[in-house]
Amino acid sequence: MFNGRVLIITGAGVSAESGIPTFRGKDGYWRNLDPTKLATPKAFARDPNLVWDWYCERRQRIRKAQPNPAHRAIANLGLQADEFLLVTQNVDDLHLRAGLPAEKIVQIHGDIFMTRCSRCEFRRYEHEQEHDDGSLPKCQECGEYMRPGVVWFGEQLDAAKIEIVENFMRGGDCDLVIVAGTSALFGYVIDWALRARGQAGQLIEVNPEETSLSQFATKSFLEPAGIALPRLVNGLLSNVSP
Ligand code: OAD
């Protein structure tokens, strides 16, 4: 058991060792296109087929991928900590498939397997099936194009998801905050990490590279998540200080 309150924030780096390219890493480019320019409302308005092709390929890749030791370590800690929340920017399902219960996960940037209408509230979950006839999916309720159920650049986060995170924060300061595999470019990632640790909690960063969060970390592991997290979690669960 881990007697404490834990917040973990993850990003694309945690799924990198499962073969899912990060956004800003060197293998992130797809057909010579920058993913940070594809994941935008503007790109979808200009060329919805292209954007869907990219998401369909990513869905396929994620379906074939397996959780790695970092996902499993996080799930293990999540099951053993007194109080625990994972906030992930990842739209894949690898944290869930590693065994972390859905109620302990907030996918703040959405879920890649959700397909939703760009106009009305209609949405459906794509378990296995892809629309594979080359045509764009259209809403069965209103006829508008369907889009991936993810948050694109410049879009608002889902208020209900923010509320889950804020509610967890209101429950008290965390003994431990771990931020792993994210370039931490979004202000809310840094804000949540700093607020959650309060005055006395530990803030551990796991990332082979330094980020804008590194200066605030009480400890940094400049290593791949699949190496550092299992060691860290094993130490925590056997009461060895990190
Ligand atoms: P990025 O691609 O910006 O950053 C990935 C981070 O993971 C980098 O800091 C890498 O150094 C680090 N990294 C790479 N391999 C790693 C490994 N094996 N172990 C640990 N860390 C590793 O991805 P995010 O920070 O997740 O949002 O990007 C944040 C958001 O920007 C994404 O959710 C997405 C993107 O645009 C939206 O689409 C809204």
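Residues numbered from 1 in each chain as written. Predicted model: local features only at pLDDT ≥ 70, side-chain atom pairs only at ≥ 80, totals over all residues. Heavy atoms only, no water.

### Re unusual backbone geometry
Phase 1 of the analysis: Phi is positive for A184, close to 50°, though the residue is something other than glycine.
Phase 2 of the analysis: Of note, A184 is situated in the loop between β7 (176–180) and α8 (187–197).
Phase 3 of the analysis: Judged by its relative accessible area of 1%, A184 is buried. (Helix = DSSP H or I, 4+ residues; strand = E, 2+ residues; numbered from the N terminus. Buried < 20%, exposed > 50% of the residue type's maximum accessible area, 1.4 Å probe, protein only.)

### Section: the nonpolar core
Phase 1 of the analysis: Core analysis: the largest hydrophobic core is formed by 27 residues, its most contacted members being V6, I8, L77, F84, I178, V206 and L229.
Phase 2 of the analysis: Elements that contribute at least two residues to this core include exactly β1 (2–10), α5 (69–80), β2 (81–88), β7, β8 (202–206) and α9 (225–237).
Phase 3 of the analysis: Here this core gets 6 residues from one element, more than from any other, and that element is α9.
Phase 4 of the analysis: Residues contacting V206, with those up to four places away along its chain left out, are I178, V179, A180, G181, F221, E223, P224, A225, A228 and L229.
Phase 5 of the analysis: In terms of nonpolar packing, the next biggest core, distinct from the first, is built from 21 residues, V106, M169, V189 and L203 among them. (Core = buried A, V, L, I, M, F, W, Y, C linked by side-chain atoms within 4.5 Å. Contact = heavy atoms within 4.5 Å.)

### What about the site of the ligand?
Phase 1 of the analysis: As a matter of local geometry, the ligand sits amid 21 residues, with R24, H109, F153, T182 and S183 nearest to it.
Phase 2 of the analysis: Note that an oxygen atom of the ligand is positioned 3.2 Å from one of the backbone N or O atoms of Q89.
Phase 3 of the analysis: The fraction of the free accessible surface of the ligand (800 Å²) that becomes covered by protein chains is 90%.
Phase 4 of the analysis: The residue makeup of the shell around the ligand, split by class, is 9 nonpolar, 9 polar and 3 charged. (Near = heavy atom within 4 Å. Polar contact = N/O pair within 3.5 Å; in protein donor to acceptor, adjacent residues only side chain to side chain. Areas by Shrake-Rupley, 256 points an atom, 1.4 Å probe, with all protein chains shown as cover. Nonpolar A, V, L, I, M, F, W, Y, C, P; charged D, E, K, R; others polar.)

### Thoughts on the domain arrangement of the chain
Phase 1 of the analysis: On domain assignment, one finds that the chain holds domain 1 (1–20 + 67–109 + 157–242) and domain 2 (26–64 + 112–150).
Phase 2 of the analysis: Look at where the C-alpha atoms of domain 1 and domain 2 centre, and you get two points 27 Å apart.
Phase 3 of the analysis: Counting residues at the interface gives 7 residues for domain 1 and 7 residues for domain 2.
Phase 4 of the analysis: Summing both partners gives a buried area of about 630 Å² for domain 1 against domain 2, and 59% of it is carried by carbon and sulfur.
Phase 5 of the analysis: Applying the counting criterion to the domain 1 and domain 2 interface returns 0 salt bridges.
Phase 6 of the analysis: The interface formed by domain 1 and domain 2 contains 3 residue pairs in polar contact (both at pLDDT 80 or more). (Domains from an automatic or database assignment. Buried area = accessible area lost by both parts, 1.4 Å probe. Salt bridge = Lys/Arg side-chain N within 4 Å of Asp/Glu carboxyl O.)

### Quick notes on the packing of aromatic side chains
Phase 1 of the analysis: Under the definition given, this model contains 8 aromatic pairs.
Phase 2 of the analysis: Here F44 and W152 contribute two aromatic rings whose centre-to-centre distance is 5.3 Å and whose plane-to-plane angle is 40°, an arrangement assigned as tilted. Residue F44 is located in helix α3 (residues 41–46), and its partner W152 is located in the loop between β6 (146–150) and α7 (159–170); the two are separated by 108 residues in the primary sequence.
Phase 3 of the analysis: Judged by its relative accessible area of 9%, F44 is buried.
Phase 4 of the analysis: By relative accessible area, which is 3% here, W152 ends up buried.
Phase 5 of the analysis: On the numbers, 6.2 Å between centres and 40° between planes, the contact of F153 with F186 is tilted. Here F186 lies in the loop between β7 and α8 and F153 lies in the loop between β6 and α7, a separation of 33 residues in the sequence.
Phase 6 of the analysis: Assessed through its relative accessible area of 28%, F153 is described here as partly exposed. (Phe/Tyr/Trp six-rings, centres within 6.5 Å; stacked < 30°, edge-to-face > 60°.)

### Side note on the packing of α7 against α8
Phase 1 of the analysis: The N-to-C vectors of α7 and α8 enclose an angle of 20°; their axes lie 10 Å apart at closest approach. Compared by their axis directions, α7 and α8 come out roughly parallel. Crossing handedness for the pair α7 and α8: left-handed. When α7 is examined against α8, the residues I162, V165, E166 and M169 are found in contact with a partner set consisting of W192, R195 and A196.
Phase 2 of the analysis: Here the residues of the contact of α7 with α8 sort into 5 nonpolar, no polar and 2 charged. (Axes fitted to C-alpha atoms, helices over the stretch in contact; angles between N-to-C directions. Parallel < 35°, antiparallel > 145°, perpendicular 65-115°, else oblique. Left-handed = near helix turned anticlockwise from the far one by under 90°.)

### A look at the side chain of E205
Phase 1 of the analysis: Secondary-structure assignment places E205 in strand β8.
Phase 2 of the analysis: No salt bridge is formed by the buried E205; the nearest opposite charge belongs to R197, separated by 13 Å.
Phase 3 of the analysis: Within polar-contact distance, the side chain of E205 engages the side chain of T211 at 2.6 Å.
Phase 4 of the analysis: When near neighbours in sequence (up to four residues on either side) are disregarded, E205 contacts V179, T211, L213, S214, A217, K219, S220 and F221. (Lys, Arg positive; Asp, Glu negative; His and termini not counted.)

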